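# Secondary and tertiary structure notes
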Amino acid sequence: MEDEDCPDLVPIDAGGEGETESSCSRKIPVTIITGYLGAGKTTLLNYILTEQHDKRIAVILNEFGEGSALEKSLAISQRGELYEEWLELRNGCLCCSVKDSGVKAIENLMQRRGKFDYILLETTGLADPGAVASMFWVDSELGSDIYLDGIVSVVDAKHGLQHLTEEKPEGLVNEASRQVALADLIIINKTDLVSEEELNKVRMCVRSINGLGKILETQRSRVDLSNVLDLHAFDSLSGISLQKKLEHLKTAHAHLDKGIITVTFEVPGNIKEENLNLFIQDLLWEKNMKDKTGHTMDIIRLKGLVSIQGKSHQVIVQGVHELYDLEETAVPWEEGEKRTNRLVLIGRNLDKEAIKEVFIATVMV
């Protein structure tokens, strides 16, 4: 079984004498790998841990199948203290297993700075990746050493449609849909197991949930790592690529009446920063906005580029659940350029016109 292949292990040197000052001082990107049970997350991570790709990646495995060969080797090597030690693999990667959110593992890992350039953190199949992502915004101590690079969601082409369209009891979120909604990159895996017609249905479903994320299609979780790393989805470097995406993005229609959808709108002009904060806080914190049927709008992911009065560069807006951030990008407003504000919201019960109306009433100068 491919998932049970155990990577070659070599003793790790904790000394780190060969570390350069630059590799120790720069921030390390963290990518969150999520996906519903059986989608192929473990296969993807095993591929990264065993393939010769000349990248130094620390992988935090969060969820193991019963009796996995990899877990046994970790448990033996580390006397059962699965989160305490890191194993160095022959391809230059580091690996450890955790039974919690992974913060402790990352804190321990940072003592080995200089031995890795990337961190991949796997979440459990039912986990909300937004909650994990939020930790890297809130934990200022962690934030000085690392930054959130992006969220990757693996979708099973064979069973993904069933998972994504499964109706949950009132008040509960479909976990598979939420993982896709939060993702910056969606990997549709096992494409060889379905027909082109079936694959197209999965594509359309994914795109209706998340109109912004990049989609990769693959078999046996084989991907070019350059597509998974250096996403810069949560920092100002994403401003340029986001600008291009927003120009072509359209509001999607839900694949279910109560499904998660993407809505987008554009409003010209300058806005006041304090008013923008009020609008976002009303939307994410107070949850005062309702759709036509009286259901509260539930925002899972928020992204946008805005023109704030007094700032010469475009400002990127990022939000995950209740957390949000504003950061000035490297993209300047050219002289004579029409200033505009573009927002993308992913969530449930979203009413585009109602949100746009409140935005104009609240933020416009």
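Report on the accompanying structure. (Residues numbered from 1 in each chain as written. Predicted model: local features only at pLDDT ≥ 70, side-chain atom pairs only at ≥ 80, totals over all residues. Heavy atoms only, no water.)

Moving on, we get to the packing of aromatic side chains. Following the criterion strictly, the structure yields three aromatic pairs and no others. Aromatic side chains Phe279 and Phe359 sit 5.1 Å apart centroid to centroid with 85° between the ring planes, which places their arrangement in the edge-to-face category. Placement of the pair is Phe279 in helix H11 (residues 273–286) and Phe359 in helix H12 (residues 352–363), with a sequence separation of 80 residues. Under the relative-accessibility criterion, Phe359 is labelled buried at 0%. With a centroid separation of 6.0 Å and 50° between ring planes, the pair formed by Trp285 and Tyr324 is classed as tilted. A residue pair is termed long-range when its members are at least 10 positions apart, and Trp285 in helix H11 and Tyr324 in strand E13 (residues 323–332) qualify at 39 residues. (Phe/Tyr/Trp six-rings, centres within 6.5 Å; stacked < 30°, edge-to-face > 60°. Helix = DSSP H or I, 4+ residues; strand = E, 2+ residues; numbered from the N terminus. Buried < 20%, exposed > 50% of the residue type's maximum accessible area, 1.4 Å probe, protein only.)

Attention shifts here to the pattern of salt bridges. Across all of its chains, the model carries 16 salt bridges by this definition. Notably, a salt bridge pairs Arg113 with Asp145, separated by 3.0 Å at the nearest N-O pair. Note that Arg113 is positioned in the loop between helix H4 (103–109) and strand E6 (118–122) and Asp145 in the loop between helix H6 (140–143) and strand E7 (146–156), a separation of 32 residues in sequence. Linking Asp298 and Arg348 is a salt bridge whose minimum nitrogen-to-oxygen distance equals 3.6 Å. Remark: Arg348 occurs in strand E14 (residues 340–348) and Asp298 occurs in strand E11 (residues 298–306); sequence separation between them is 50 residues. On the basis of relative accessibility, which here comes to 17%, the residue Arg348 falls in the buried class. Here the salt bridges do not stand alone but share partners, grouping Arg26, Arg56 and Asp117 into one network. (Salt bridge = Lys/Arg side-chain N within 4 Å of Asp/Glu carboxyl O.)

This paragraph deals with the pairing of strand E9 (residues 214–217). Consecutive side chains along a regular strand alternate between the two faces of the sheet. Examined bridge by bridge, strand E8 (residues 185–189) and E9 share four bridges and lie parallel to one another. Bridge pairing links Ile187 to Leu216 in E9. In terms of handedness, the path from E8 via helix H9 (residues 196–209) over to E9 forms a crossover that is right-handed. (Pairing = 2+ DSSP bridges. Right-handed = clockwise from strand over helix to strand, strands pointing away.)

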